[in-house]
Every structure is written in C-alpha cells, then in structure tokens.
Amino acid sequence: ETEPDSFYAASKIHVEALGKLYGKTWRCFDVVTLRIGWCLYDDPTELAGTQYELYIRAMWLSRRDWVGYATAALTAPVDGYCVEYALSSNSTRIFELGTEPSSRQQLDYMPQDSSDDFDWSRPAPAPAPAPDDEVDPDAVRRARRERRRRE
C-alpha cells in the first residue's frame, strides 16, 4: 500500500481508493488510475545540471507516451480497476511499470520513449535558484532562450 507524505498525496490515495471501491468492489464501472510522471518538458535535458536532473531522468513522461497511456486508459477493456505508473521507459525510474500484474496486460501499452535517449552531456545553463524547491518558470524560459542562442 502507498503511504501519503503530503496532503496532495493523501488526496490522490483517497481518490484511488474510491476508484477501487467503485470499480473493483461495487463493480459500478471500470476505473483506470494513472500515476502521471513529469510531463512538462519535451526535452528533459532542459533541466540538466539543476537540482531536478535526477528526478526528471527518473520521472520523465514524453508527450507521445502520455498520449499512449491516456488512449489506453480510455479504450482498454479493463476488468473493474487498474492502477499504472505513467512514465516513459527511463532506466532510472523509481517506480516499476505495471505495478499490478494485471494492469500492464489490461492497458496493453508499453512506453516508446526514454530520458536515456537524450544527450545529457551538453552544457546546461546555470541553474536559477528556485524558492521553496519549486521550478521557476521564468528561469526555465530564460535557460531555453540562452541554450537556443548558443546552438
């Protein structure tokens, strides 16, 4: 079982439990729960050299894989309830794909992309300090512009 470490996590776990109740216990309708990775960046190396690099290498979800998971969740013949981590096939992922043996089979989707496919050795812009461990969107935009200017 998953243990919450924040109010946000507690709310997610609660909603998953409701999905399981409706889908598996009461059999009212089929429920697919997707635990979505980090899908903010088309090129995860935009955060290379920052405090977020290791996390995004593990949790990155490409647009193509996000569309694949969403399509599978909406169209797969699910038997009551299934839960799946929606991550690209990153070698450093911290969660296993197909958390329940039946979920991978029910969704019938295998991720196509990986954060490993990117060149992480290229120089990254100097990371901007982010308050309270949050990503500063302006700093990311400035870093993108600077990287494009250098290329």
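From a predicted model like this one, the values you see are computed outputs, not experimental measurements. (Residues numbered from 1 in each chain as written. Predicted model: local features only at pLDDT ≥ 70, side-chain atom pairs only at ≥ 80, totals over all residues. Heavy atoms only, no water.)

**Q** Any chance you could explain the nonpolar core here in plain terms?
**A** Generally speaking, nonpolar side chains in soluble globular proteins are found buried as a group. By size, the foremost hydrophobic cluster in this structure holds 12 residues: Trp38, Tyr41, Leu47, Ala48, Tyr52, Ile56, Ala58, Met59, Trp60, Tyr85, Leu87 and Trp120. The next biggest cluster of nonpolar side chains, apart from the first, holds 10 residues, and it includes Leu61, Tyr69, Val78 and Tyr109. (Core = buried A, V, L, I, M, F, W, Y, C linked by side-chain atoms within 4.5 Å. Buried < 20%, exposed > 50% of the residue type's maximum accessible area, 1.4 Å probe, protein only.)

**Q** What is the right way to read the packing of aromatic side chains from this model?
**A** In this description, a pair of aromatic rings is defined by centroid distance and the angle of the planes. For the coordinates displayed, the defined rule picks out seven aromatic pairs. Each ring, one from Tyr22 and one from Phe29, has its centre 5.4 Å from the other, and the planes form 10 degrees; the classification is stacked. On the basis of relative accessibility, which here comes to 46%, the residue Phe29 falls in the partly exposed class. Plain terms: the ring middles of Trp60 and Phe118 are 5.3 Å apart, the flat faces sit at 85 degrees to each other, and that makes the pair edge-to-face. Linking Trp60 in the loop between helix H2 (53-59) and helix H3 (63-75) with Phe118 in the loop between helix H4 (101-107) and helix H5 (137-150), this pair joins segments that are 58 residues apart in sequence. Take Trp60: its relative accessible area is 2%, and that puts it in the buried class. Residue class for Phe118 comes out partly exposed when judged on its relative accessible area of 26%. (Phe/Tyr/Trp six-rings, centres within 6.5 Å; stacked < 30°, edge-to-face > 60°. Helix = DSSP H or I, 4+ residues; strand = E, 2+ residues; numbered from the N terminus.)

**Q** Can you walk me through the environment of Lys12 in this structure?
**A** Note that Lys12 resides in helix H1 (residues 7-25). Assessed through its relative accessible area of 37%, Lys12 is described here as partly exposed. Considering only alpha carbons, one finds Lys12 and Thr33, 21 residues apart in sequence, at a separation of 9.8 Å.

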